[in-house]
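Survey of secondary and tertiary structure
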Amino acid sequence: MTDIANALTIDVEDYFQVAALAEAVQRDDWSSMEYRVEANTDRLLAMFADRDIKATFFTLGWVAERSPELVRRIRDGGHEIASHGYSHQLIYTQTPDVFRDETRRSKRILEDITGAPVTGYRAASYSITAKSRWALDILAEEGFTWDSSIFPVHHDRYGMPGTPRWPHRLKTDEGHELAEFPLSTLKFPGYTLPIAGGGYFRLFPYWFSQWGLGQINRQGQPFVFYLHPWEVDPGQPRLDVKWFSRFRHYNNLDVCQARLDRLINHFSFTTMSEVLVQQGVLDSTQAGNG
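Labelled according to an unreviewed UniProt entry, the protein appears under the name DUF3473 domain-containing protein, originating from Marinobacter salinexigens.

Here is the structure:
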């Protein structure tokens, strides 16, 4: 296990809410879908409790409304609760007014359940891009002090290539400041490779993920790792989507939990706020409930 503390993060959403399956599930269908996020999140909570690991759970407002006791179980486990927005929509498809309303709504839901400030945010599908950079100002104006939405890569759905790869203080277009923990990457000549978790963790062989994340620690930097509860649920319903979306979503679900078990035994993990404070980019008074 390495000495550097890394950020372990879970994006609390259900399988039918992800962008890769949007072609098969309409937003209005969500309430009629089989609801599996509670059991899957509890499975992760049990894994982390066994090892006394604390993580940050970016929780969707839609889920929190339906499962307030789940949010309380996360809190009672000593984990950090942060916002994942309300309805898991791509920010650059929303107007600033809609984004502000959803952001404010999800923050209020989580704070009402936990009784504590929620100061951290992660956008659905990392959709703060050059087209939606205005969202950073809204986050600051709505009381958030840190963010983990920016992926410094080229991708068909997200990414801000050329932006800093390590935790830093970010200045918004309107002059606000946020602590930013970008999603982790490996730098190769002419190419920046995503290595932060999720679908990449399922796509790459485990040895490569461990090596790549270790490379970041060997450079003296912390990494951020993310996963979704549905990624440890190989028994989830299979939806009829195009082959590429099917590959993105269902690839290696059957081995993901075992890989995660190896990963959390190999590296040191804590909450995102704790890492940002340790890195000197966030004041401890700005860390919310972490």
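So, the overall build of the protein
Within the protein one finds ten helices and eleven strands. For the protein, whose C-alpha radius of gyration is 17 Å, the value lies close to the compact-globule estimate of 19 Å for 290 residues. Expressed along its principal axes, the backbone C-alpha trace of the protein runs to roughly 45 × 45 × 40 Å. By the burial criterion, 58% of the 290 residues in the protein qualify as buried. In the protein, once contacts between residues fewer than 6 apart in sequence are set aside, the share between residues at least 24 apart is 76%. Split by element, the accessible area of the protein, about 11,800 Å² in all, is 49% carbon and sulfur. Between the mean site of the 30 positive side-chain charges and the mean site of the 37 negative ones, the protein shows a separation of 4 Å.

Let's talk about helix H8 (residues 243-250)
Among the residues making up H8, those that are buried are Ser 245, His 249 and Tyr 250. One face of H8 carries all of its buried residues, which in axial projection span an arc of 105 degrees. Looking at the packing, one finds that the buried side of H8 touches helix H6 (198-203) and helix H9 (253-266).

Considering the pairing of strand E8 (residues 185-188)
Pairing geometry for E8 and strand E9 (residues 191-194), over four bridges, is antiparallel. Note on E9: the bridge partner recorded for Leu 186 is Leu 193. Hairpin connection of E8 to E9: two residues between the antiparallel strands, including Gly 190 at a positive phi of 80 degrees.

Some remarks on the nonpolar core
Phe 48, Phe 225, Leu 260 and Phe 269 are the most contacted members of the largest nonpolar core, which totals 90 residues. Excluding residues within four positions of it along the chain, Phe 225 makes contact with Ala 7, Leu 8, Thr 9, Ala 196, Gly 197, Phe 201, Leu 213, Leu 260, Leu 263 and Phe 269.

Considerations on the packing of helix H7 (residues 206-218) against H9
The interhelical angle for the contact between H7 and H9, taken along N-to-C directions, is 25 degrees, at an axis separation of 11 Å. Relative to H9, H7 is oriented roughly parallel. For the element pair H7 and H9, the recorded crossing hand is right-handed. For the pair formed by H7 and H9, the contact residues are Tyr 206, Gln 210 and Leu 213 on the first element and Arg 259, Arg 262, Leu 263 and His 266 on the second. For the contact of H7 with H9, the per-class residue count stands at three nonpolar, two polar and two charged.

A few points about the packing of aromatic side chains
Under the counting rule described, the total for this entry stands at 23 aromatic pairs. With a centroid separation of 5.7 Å and an interplanar angle of 40 degrees, the aromatic rings of Phe 208 and Trp 211 are classed as tilted. Here Phe 208 and its partner Trp 211 are both found in helix H7, three residues apart, which amounts to about one turn of the helix. An aromatic cluster is built from Tyr 126, Phe 151, Tyr 200, Phe 204, Trp 207, Phe 208, Trp 211 and Tyr 226, whose rings are joined through pairwise contacts.

Reading the values: the criteria
Residues numbered from 1 in each chain as written. Predicted model: local features only at pLDDT ≥ 70, side-chain atom pairs only at ≥ 80, totals over all residues. Heavy atoms only, no water. Helix = DSSP H or I, 4+ residues; strand = E, 2+ residues; numbered from the N terminus. Rg over C-alpha atoms; globule rule 2.2 N^0.38 Å. Buried < 20%, exposed > 50% of the residue type's maximum accessible area, 1.4 Å probe, protein only. Contact = heavy atoms within 4.5 Å. Areas by Shrake-Rupley, 256 points an atom, 1.4 Å probe, with all protein chains shown as cover. Lys, Arg positive; Asp, Glu negative; His and termini not counted. Charge placed at Lys NZ, Arg CZ, Asp CG, Glu CD. Arc of directions from axis to C-beta. Pairing = 2+ DSSP bridges. Core = buried A, V, L, I, M, F, W, Y, C linked by side-chain atoms within 4.5 Å. Axes fitted to C-alpha atoms, helices over the stretch in contact; angles between N-to-C directions. Parallel < 35°, antiparallel > 145°, perpendicular 65-115°, else oblique. Left-handed = near helix turned anticlockwise from the far one by under 90°. Nonpolar A, V, L, I, M, F, W, Y, C, P; charged D, E, K, R; others polar. Phe/Tyr/Trp six-rings, centres within 6.5 Å; stacked < 30°, edge-to-face > 60°.

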